[in-house]
Amino acid sequence: MSDTDRALSRRGPARCATALRWDRDQLVTAREGDTVSLALLDAGILETSRSAKYRRPRGAYCLRGDCGTCLVRINGLPNRRACLTAVHEGIRIRPQNRLVAGADPSALVDTMLRGGMDHHHFMVRPRVVNQLMQGVARNLTGLGTLPDRMPDAPAQHRVLEPDVLIVGAGSAGRAAHAVLTDGGCDVVWVDRRDRDGIVAEANAAVSDALLDHTGVFGVYVAEGLWAAMRDTPGQPAVLYSIKPRHVVVATGARDPILAVPNNDRPGVVAARGLLQQLRRSDATLAVPAVVIGEGAYATALADALGVEALPPADVDRIEGNPVDAVSLRDGKGKRECQLVALAPLPAPAYELARQAGAAVRWHGGGFSVQRDQRGRCATTAFTVWAAGDVTGYMGPQSAADDGERVAAAVLHSLR
Amino acid sequence: MPRRSFVCRCEDVTLSEVDHAIALGLHEVEELKRYTGLGTGPCQGKECISALVKLLIDKGLADPETVQPFTARPPTEPVTLGALAAGLAPDAGDGS
Amino acid sequence: MIGNTKAQAMGRRDAPLPDRVDVAIIGGGIMGLATAYHLSKNSTLRIAVIERSYLVSGASGRNGGGLRMQWGDEGNVTLMMQSIEMCRGLAQELGINLWFRQGGYLFVARSEAGERRLMRNASLHRDVGAPTRLMTGAEAREIVPQLDTDQVRLAAFNPHDGVVFPWPFVWGYAGQAVARGVVVRTHTPVQRIEVLGDGLRLHLGTGEQLDADRVLNATGAWSIELNRALGIELPNHPHRHEIMSSEPLKPFLDPLVVDLATGLYFSQSTRGEIVAGITMPDTGPAATEVDLGSSRRFLAHLGHALTQVMLITSQLRVLRQWAGPYDVSPDGDAIVGPSPGVPRLYQVCGFTGHGFMMAPAVGKIVADLLSTGKHHPMLDRWDPSRFARGTSRRREDMIIG
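Note that this is a predicted model, so its numbers are computed, not measured. (Residues numbered from 1 in each chain as written. Chains lettered and ligands numbered in written order. Predicted model: local features only at pLDDT ≥ 70, side-chain atom pairs only at ≥ 80, totals over all residues. Heavy atoms only, no water.)

Is there a simple way to explain the overall build of chain C in this structure?
A count of helical and extended segments in chain C gives eleven helices and 18 strands. Considering only C-alpha atoms, chain C reaches an extent of 65 × 55 × 40 Å along its principal axes. Split into buried and exposed, the 401 residues of chain C put 63% on the buried side. Sequence-distant contacts, at least 24 apart, represent 75% of the contacts inside chain C between residues at least 6 apart. Accessible area for chain C stands at about 14,100 Å²; split by element, carbon and sulfur atoms hold 50% of it. The averaged location of the 39 negative side-chain charges in chain C is 3 Å from the averaged location of its 41 positive side-chain charges. (Helix = DSSP H or I, 4+ residues; strand = E, 2+ residues; numbered from the N terminus. Buried < 20%, exposed > 50% of the residue type's maximum accessible area, 1.4 Å probe, protein only. Contact = heavy atoms within 4.5 Å. Areas by Shrake-Rupley, 256 points an atom, 1.4 Å probe, with all protein chains shown as cover. Lys, Arg positive; Asp, Glu negative; His and termini not counted. Charge placed at Lys NZ, Arg CZ, Asp CG, Glu CD.)

Encoded structure:
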């Protein structure tokens, strides 16, 4: 593929070229530091799997590790998140749940069931038809296949008992970490992303103390612990049992789906995630794109991407596979594009705080974590504080201020 | 490809499928989740919950003051069985 | 399209209640709804089912969906042979997909005691006509190639056993019951039961009352509270059982596998998830209240046991974990029949974690008892009065979890 076929233009000093192997034998050139999702997007490879029920083509959407459709087979392991995995020399990527590349015959399911499929009442009678249908369904669902290989080394267990655990290295988490370490606290700081992604977002150096690739997967109040797994490529996994006195939940906000017609087409991505991935790779869009969203939030994203923002109410449907246009209602025509970036207001990532006992409340775009004036949202075996977008989307600058304020309150409470 | 608007792309649940379940008398996020399958896929509802609740509020089926999301069950991030198994072992060492 | 059925209304929070019914069933789980369905089919009784929350909110919506005839006691084997036979055509009967897949149950024993259990059970199964096959570890690997069978002394496989997706059973029974005139009212707790001269009165959380000639307590682990308020002391108690499911994978595992050494069980659902649970060590004193919390401890035990017997799973990811309440009866047998001291209140509880798989048969047995007085032989040993009479006896040694 020549540079002119690329979806992205690269700025700044050229990073080392590398390559990933896609779907057995296709070599895709990429730059060091790209995520798998961005490298594939750059090469115009947008479809990475088929969906469970209608067998529709699917690809990455949120580009931030929250949605479920960028999952691919990476180096022989199923269901890995392409959007959070950095490309490295020799990396092998395979699509999942496809019968064949290209025109998958199972796509007929989608065409034949134009009116939709009620899977509870589909082909129930007679029994022989039902049995046949179940056999077919079982083989069309599921995502990846079993791993190619056994693990190289068993996982390790680490027990940590810090004064403070900070979950998240977004704006609020970074600000909170600075305040708490300046205050002399014993802090454990984790983020599920890799360091490159966090540094690109911060546009600054990030403390070595950060445990990257470390996702907190559960809060077990009765056991007094926050459980996390560190999953660094090429290294044994580490299970962390963290028993903190205080926790600052700075898990930020996610990009939910906007329910516009054909919002599942490969090439439909979340605008915020796309922008972050572009910054990470020092790239800009070289193909036409549009943003679907309304209000100042969507407009700002469209401006940053250098594209037009279309209000969701104007959208008749997204067209093409992968996308090639957005058609509008009421004779407003059509916008040709190769990427559609949805810009719904981010919804707080409230799950961990809620598991820890915090209350949540609907605020229009999602559920926000409720907290007292100082920032506390739950007190059980640990005192839990919420900072930044998880309390309601506020954007990077306000989130940083909020993280600083809450961390000061934590410091005060520790003294 | 037919035109479809998805609420949950993990489990292929469309707006019209949610409408169908609502017409059967299911109005709560927990029961709509179970009947439609929405929120039970790889993302565990992170993508769809907002779209679902917005829809319920627009239809007057949920009160924005009191509506709650479905239970946020662990794990909220992927964790392997191998890493979990390590939880039976004591701390591996240097505490870092 | 040919072959499709029509979705049925399954019960509503605003379903109008009559003042009086012949049979009121408390609990919209599979037990209550299977009973309501069979009653509505073979009688003209007026029936109402009262569910405190949404359908499938309780144990019926929280179990692993396994159905097996491999039990250690003849009564249970025969009952489950009936239940599995009923399940074969049940999707067509209820008009809803149940995803019943007969991939078998594979039990593996790694100790001498386990080996003896499997041998004794297989001989019992043969006597009653259940096609259980004993096999070596090597033969078990032919069924599940990824299984570590090094220490396996003996395995037992029954190809008629299988797995289902539990939720549509509940919706299917409810839909057919509603279509036959049963009132299914959801989101309505029963706060108190009052004994009247000619029946029982249910005081509902909505402020309504419902009178009934006879009432079924089909609330499983939640039954204890209702019973106690009426002075009915039964020895069943709730037990939290945790379970998990993995990320979806393409099909590779046909049977549900049980490792007797650890009490680990796992199967693969139609959607491709590995669904697994385990008997937890040191569970402490018997609980008095339903607890549905999830623990990291469970995941550690489960992860350890599963990766030991199937190393390839160590890089698989857990999608979610949850818990359901077993309604544990001290002798392992269900508690079904008129309550001691309150004969108009029937118990349908105490199924000790295996009610779901038994419900298709039990619903029919209880409906027959209520409508015609027909007395199934299992009802003798399920008699709620057996504890007070001192005739309770443990017969079953194949309770898992």
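Picking up after the structure, the text goes on.
Hey, could you run me through the overall build of chain A in this one?
In terms of regular secondary structure, chain A is built from nine helices and 29 strands. Scaling as 2.2 N^0.38, a compact globule of 415 residues should have a C-alpha radius of gyration of about 22 Å, and chain A matches this with 22 Å. Once the C-alpha set of chain A is aligned to its principal axes, its extents read approximately 65 × 50 × 45 Å. Here chain A holds 415 residues, and 61% of them are scored as buried. As presented, chain A carries roughly 15,600 Å² of accessible surface, and 51% of it is formed by carbon and sulfur atoms. Across chain A, 49 positive and 45 negative side-chain charges occur, with their mean positions spaced 5 Å apart. (Rg over C-alpha atoms; globule rule 2.2 N^0.38 Å.)

For this particular structure, what's the right way to read the sheet that holds strand 29 (residues 383-386) of chain A?
As a general point, the strands of a sheet are linked pairwise by backbone hydrogen bonds and lie either parallel or antiparallel. All names here are of chain A. Strand order in the open sheet formed by five strands is 11-10-15-29-28, and the pairing between neighbours is mixed. Only two strands of the sheet have a single neighbouring strand rather than two, namely strand 11 (187-190) and strand 28 (376-379). For this sheet, the mean angle separating the axes of adjacent strands, direction not counted, is 15 degrees. In the sheet, strand 15 (residues 246-249) pairs with strand 29 via four bridges, with the strands oriented parallel. Counterpart to Val249 in the pairing with strand 29 is Ala386. (Pairing = 2+ DSSP bridges. Axes fitted to C-alpha atoms, helices over the stretch in contact; angles between N-to-C directions.)

I keep staring at the interface of chain A and chain B and nothing clicks. Help me out?
How large an interface is tends to be reported as the accessible area lost when its parts come together. Each side of the interface is counted separately: chain A has 71 residues, and chain B has 56 residues. Both faces combined, the contact of chain A with chain B buries some 5,200 Å², and carbon together with sulfur accounts for 54% of it. At the boundary of chain A with chain B, the tally comes to seven salt bridges. A salt bridge links Asp316(A) to Arg3(B); its shortest N-O distance comes to 3.2 Å. Looking at the side of chain A that touches chain B residue by residue, the class counts come to 30 nonpolar, 21 polar and 20 charged. (Buried area = accessible area lost by both parts, 1.4 Å probe. Salt bridge = Lys/Arg side-chain N within 4 Å of Asp/Glu carboxyl O. Nonpolar A, V, L, I, M, F, W, Y, C, P; charged D, E, K, R; others polar.)

Help me out: how do you make sense of the packing of helix 2 (residues 74-88) of chain C against helix 4 (residues 112-128) of chain C in this one?
Helices that pack against each other are described as a pair by the angle of their axes relative to one another and the distance between those axes. All names here are of chain C. As a packed pair, helix 2 and helix 4 sit with axes 10 Å apart at the nearest point and diverge in direction by 55 degrees. Relative to helix 4, the element helix 2 is oriented oblique. Once helix 2 is placed against helix 4, the crossing between them reads as right-handed. Contacts between helix 2 and helix 4 involve Glu74, Val77, Thr78 and Met81 from the first element and Leu124, His125 and Val128 from the second. A breakdown of the residues in the contact of helix 2 with helix 4 according to their chemical character gives four nonpolar, two polar and one charged. (Parallel < 35°, antiparallel > 145°, perpendicular 65-115°, else oblique. Left-handed = near helix turned anticlockwise from the far one by under 90°.)

What exactly am I supposed to notice about helix 8 (residues 296-309) of chain C here?
Spacing of three or four residues puts side chains on the same side of an α-helix, whose turn is 3.6 residues. All names here are of chain C. Its 14 residues place the ends of helix 8 20 Å apart at the C-alpha level, agreeing with the 20 Å of an ideal helix rising 1.5 Å per residue. By the criterion of burial, helix 8 is predominantly enclosed, with eleven of the 14 residues buried. For helix 8, the set of buried residues is Arg296, Phe298, Leu299, Ala300, His301, Leu302, Gly303, Ala305, Leu306, Thr307 and Val309. Near the N-terminus of helix 8, the side chain that reaches the backbone nitrogen of Phe298, with its oxygen 3.0 Å away, is that of Ser295. (Expected span 1.5 Å × (residues − 1). Polar contact = N/O pair within 3.5 Å; in protein donor to acceptor, adjacent residues only side chain to side chain.)

Just to check I follow, could you spell out the nonpolar core for this structure?
Note on soluble globular proteins: their nonpolar side chains tend to be buried together. In terms of nonpolar packing, the biggest core is built from 154 residues, with Trp226(A), Val326(A) and Val340(A) touching the most fellow members. Looking at this core, the element that brings in the most residues is helix 9 (residues 355-372) of chain C, giving eleven residues. Apart from residues no more than four positions distant in its own chain, Val326(A) is found in contact with Val290(A), Ile292(A), Leu310(A), Val315(A), Arg317(A), Ile318(A), Gly333(A), Lys334(A), Arg335(A), Cys337(A) and Val340(A). (Core = buried A, V, L, I, M, F, W, Y, C linked by side-chain atoms within 4.5 Å.)

When you look at the domain arrangement of chain A in this model, what are you seeing that I'm missing?
All names here are of chain A. Here the domain parsing of chain A yields domain 1 (3-140) and domain 2 (156-254 + 347-414). The interface of domain 1 with domain 2 comprises seven residues on the first partner and seven residues on the second. Between domain 1 and domain 2, a total of about 610 Å² is buried, with carbon and sulfur atoms accounting for 36% of that surface. The largest per-residue losses of area from domain 1 upon contact with domain 2 belong to Arg64, Asp66 and Leu84, which jointly make up 68% of the total buried on that side. (Domains from an automatic or database assignment.)

How should I be thinking about the interface of chain C and chain B in this particular structure?
Across the boundary between the two partners, chain C contributes 36 residues, which contact 29 residues of chain B. For the pair chain C and chain B, the summed buried area comes to about 2,900 Å², and 63% of that belongs to carbon and sulfur atoms. Viewed at the interface, chain B and chain C are joined by two salt bridges. In this assembly, chain C and chain B are joined by ten residue pairs in polar contact (both at pLDDT 80 or more).

How do you make sense of the sheet that holds strand 22 (residues 325-328) of chain A when you look at a structure like this?
All names here are of chain A. Strand order in the open sheet formed by three strands is 21-22-23, and the pairing between neighbours is antiparallel. Looking at which strands have only one partner, the edges of the open sheet turn out to be strand 21 (315-319) and strand 23 (334-336). Adjacent strand axes in the sheet meet at a mean angle of 15 degrees, parallel and antiparallel pairs treated alike. Pairing of strand 22 with strand 23, which is carried by three bridges, proceeds in the antiparallel orientation. By the bridge assignment, Val326 is partnered in strand 23 with Arg335.

Would you explain the side chain of Asp104(A) in this entry?
Residue and element names in this part refer to chain A. Inspection of the secondary structure puts Asp104 in the loop between strand 8 (92-94) and helix 2 (108-112). Here the side chain of Asp104 touches Leu99 through a polar contact of 2.9 Å, landing on its backbone nitrogen. Filtering out sequence-adjacent residues up to four positions away, Asp104 remains in contact with Arg50, Arg55, Arg98 and Leu99.

Can you walk me through the pattern of salt bridges in this structure?
Between side chains of opposite charge, a pair can form as their charged atoms come close. All names here are of chain A. Here the structure, examined in full by the defined rule, presents 70 salt bridges over all chains. Residues Arg94 and Asp23 are paired through a salt bridge, measuring 3.8 Å at the closest nitrogen-oxygen approach. In this pair, Arg94 is assigned in strand 8 and Asp23 in the loop between strand 2 (17-22) and strand 3 (26-31), connecting sequence segments 71 residues apart. Residue Arg94 is classed as partly exposed on the basis of its relative accessible area, which comes to 27%.

What is the right way to look at the environment of Thr66(B) in this model?
The residue Thr66(B) is located in the loop between helix 3 (49-58) and strand 3 (79-80) in this model. Along the chain, Thr66(B) and Leu52(B) lie 14 residues apart, while their C-alpha atoms are 15 Å from each other.

Honestly, the packing of aromatic side chains in this entry has me stumped. Any pointers?
How two aromatic rings sit relative to each other is given by the distance of their centres and the angle of their planes. If you walk through the whole model with that rule in mind, you get twelve aromatic pairs over all chains. Taken together, a centroid distance of 5.3 Å and an interplanar angle of 75 degrees make the contact between Tyr297(A) and Tyr393(A) edge-to-face. Taken as a pair, Tyr297(A) in helix 7 (residues 295-305) and Tyr393(A) in the loop between strand 29 and helix 9 (396-414) lie far apart in primary sequence, 96 residues in all. Classification of Tyr393(A) as partly exposed rests on a relative accessible area of 23%. Note on Phe165(C) and Trp167(C): the rings are 5.1 Å apart at their centroids and 45 degrees apart in plane angle, and the pair reads as tilted. For Phe165(C), a relative accessible area of 26% puts it in the partly exposed group. Residue Trp167(C) is classed as buried on the basis of its relative accessible area of 12%. (Phe/Tyr/Trp six-rings, centres within 6.5 Å; stacked < 30°, edge-to-face > 60°.)

Can you walk me through the domain arrangement of chain C in this structure?
Residue and element names in this part refer to chain C. Taken domain by domain, chain C consists of domain 1 (20-62 + 167-236 + 331-389) and domain 2 (98-162 + 237-326). Each of domain 1 and domain 2 has a C-alpha centre, and the two are 30 Å apart. Counting residues at the interface gives twelve residues for domain 1, matched by twelve residues for domain 2. Here domain 1 meets domain 2 over a buried area of about 1,100 Å², counting both sides, of which 69% is carbon and sulfur. Looking only at domain 1, the three residues that lose the most surface to domain 2 are Arg62, Phe169 and Ala221, adding up to 45% of its buried area. For the interface between domain 1 and domain 2, the tally reads zero salt bridges. Joining domain 1 to domain 2, the criterion identifies two residue pairs in polar contact (both at pLDDT 80 or more). Residues that form the side of domain 1 that touches domain 2 fall into these classes: eight nonpolar, three polar and one charged.

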